[in-house]
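As a plain string of letters, each chain reads:
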Amino acid sequence: MSESNSVSPSNPERSTAYSPLYQQIKVLLLKSLDQGEWKPGEAIPSELDLAARFQVSQGTVRKAIDELAADNLLIRRQGKGTFVSTHNEAKVRYRFLRLTPDDGHQPTTSSEIIGFSRLKAPAAIAGLLALRTVDTVINIQRVLSFDDKPTILDNIWLPANVFKGLSSEAVNQNREPLYAWFEGEYGVSMLRADESVRAVAADAEAARRLHVSQGTPLLQVERVAYTYGERPMEVRQGLYITDHFHYRNSLN
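Residues numbered from 1 in each chain as written. Predicted model: local features only at pLDDT ≥ 70, side-chain atom pairs only at ≥ 80, totals over all residues. Heavy atoms only, no water.

Named according to an unreviewed UniProt entry, the protein is GntR family transcriptional regulator originating from Paenalcaligenes hominis.

Now the structure itself:
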């Protein structure tokens, strides 16, 4: 049996669309991940089992899994199988935190929540989160410190209908990285993000929170983070001190 260029759940090899077959298998795997068939940290079925399920070759499945692994959505473990990535995994835990010490030292991080509120979505935030301005959002403000030195001032916006039950008390009691906590407590996996970066001068509030002089140069990073299905789940506006740090990224 030869593989065609399309996939259908019943017989993926007999369809007629034009996208490569492994890409269609990738889409089906993403759909299963989105629907929670395999939870973060759990093993997915073997390549042979998935090949039988989708009626394609093992090589086609392997290529789809390779791409998902390259996207950090799956993790291969030698001799153990392939697992759904989790933000508790060392490899991906801080992959969205790109501020790196100039001396290479790995600092100890701590977080202080300085604000928590529920409000109607401001127009700009509603647009980024694909919400209406009558929808409710959660706003979290925090200071992230490296080795006890205030380094990042974060302003975080979340859709309230997804993060039901999220409270100021819960945020203050949490000791995990936020994305790991969102994943474990609310079933929301942040998979990728779009960012814009620019240089700004610290205003009075930022200067007070970050213990710098007003007008100090800061790096402003605005991020929209997405879960499965390209659904926006978070808007984060951060101000970064970069006197002993640099913003590092990898481009493919």
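**Student:** Can you walk me through the overall build of the protein in this structure?
**Tutor:** Along its length, the protein carries seven helices and 10 strands. Residues counted as buried form 45% of the 252 residues belonging to the protein. Long-range contacts, defined as pairs at least 24 residues apart, comprise 56% of the intrachain contacts of the protein with a sequence gap of at least 6. By element, 49% of the accessible surface of the protein is carried by carbon and sulfur atoms, the whole surface being about 13,400 Å². (Helix = DSSP H or I, 4+ residues; strand = E, 2+ residues; numbered from the N terminus. Buried < 20%, exposed > 50% of the residue type's maximum accessible area, 1.4 Å probe, protein only. Contact = heavy atoms within 4.5 Å. Areas by Shrake-Rupley, 256 points an atom, 1.4 Å probe, with all protein chains shown as cover.)

**Student:** How should the packing of helix α1 (residues 21–34) against helix α2 (residues 47–54) be read in this particular structure?
**Tutor:** For any two helices packed against each other, one specifies the crossing angle of their axes together with the interaxial distance. Direction vectors running N to C along α1 and α2 enclose 105°, while the axes themselves pass 12 Å from each other. Judged on the interaxial angle alone, α2 and α1 are roughly perpendicular. Here Ile25, Leu28, Leu29 and Ser32 of α1 come into contact with α2, specifically with Leu50, Arg53 and Phe54. Classifying every residue of the contact of α1 with α2 by side-chain character gives five nonpolar, one polar and one charged. (Axes fitted to C-alpha atoms, helices over the stretch in contact; angles between N-to-C directions. Parallel < 35°, antiparallel > 145°, perpendicular 65-115°, else oblique. Nonpolar A, V, L, I, M, F, W, Y, C, P; charged D, E, K, R; others polar.)

**Student:** How should I be thinking about the packing of α1 against helix α3 (residues 58–70) in this particular structure?
**Tutor:** Packing of α1 against α3 leaves a shortest axis separation of 8 Å and a crossing angle of 60°. Classified by the interaxial angle, the pair formed by α1 and α3 is oblique. For the element pair α1 and α3, the recorded crossing hand is right-handed. Along the contact surface, α1 presents Leu21, Tyr22, Gln23, Ile25, Lys26, Leu29 and Leu30, while α3 presents Thr60, Lys63, Ala64, Ile65, Glu67 and Leu68. Of the residues that constitute the contact of α1 with α3, the class distribution is eight nonpolar, two polar and three charged. (Left-handed = near helix turned anticlockwise from the far one by under 90°.)

**Student:** Teacher, can you tell me more about the pattern of salt bridges here?
**Tutor:** Any two side chains of opposite charge can pair if their charged atoms end up close together. Inspection of the entire model under this criterion finds 16 salt bridges. Arginine 142 is the salt-bridge partner of aspartate 154, the closest N and O atoms lying 3.2 Å from each other. Here the residue aspartate 154 occupies a position in strand β6 (residues 149–159), and arginine 142 occupies one in strand β5 (residues 136–146), the gap between them amounting to 12 residues. Per residue, the accessibility class of aspartate 154 equals that of arginine 142, and both read buried. Across the pair arginine 208 and glutamate 205 runs a salt bridge, and its minimum N-O distance is 3.1 Å. One end of the pair, arginine 208, and the other, glutamate 205, are both in helix α7 (residues 204–210), three residues apart, so they sit about a helical turn from each other. (Salt bridge = Lys/Arg side-chain N within 4 Å of Asp/Glu carboxyl O.)

**Student:** Looking at this model, I keep getting lost on the pairing of strand β9 (residues 231–240). Mind explaining?
**Tutor:** Successive residues of a regular strand alternate their side chains across the two faces of the sheet. Of all 10 residues in β9, eight are buried; the element is thus mostly enclosed. When β6 meets β9, the two strands line up antiparallel, connected through six bridges. Bridging across to β9, tryptophan 157 finds its partner in valine 235. Of the strand pairs in this sheet, strand β8 (residues 217–227) and β9 are connected by nine bridges, and their pairing is antiparallel. Along β9, the bridge assignment pairs tyrosine 226 with proline 232. Connecting β8 to the next strand, β9, in antiparallel fashion are three residues, including glycine 229 with a positive phi near 70°. (Pairing = 2+ DSSP bridges.)

**Student:** Just checking my understanding: could you explain the environment of glutamate 112 for this structure?
**Tutor:** Along the chain, glutamate 112 falls in strand β4 (residues 109–120). The partly exposed category is assigned to glutamate 112, whose relative accessible area is 49%. Along the backbone, glutamate 112 and glutamine 141 are 29 residues apart, and their C-alpha atoms lie at a distance of 8.7 Å. In contact with glutamate 112, other than residues within four places in its own chain, are Gln141, Arg142 and Val143.

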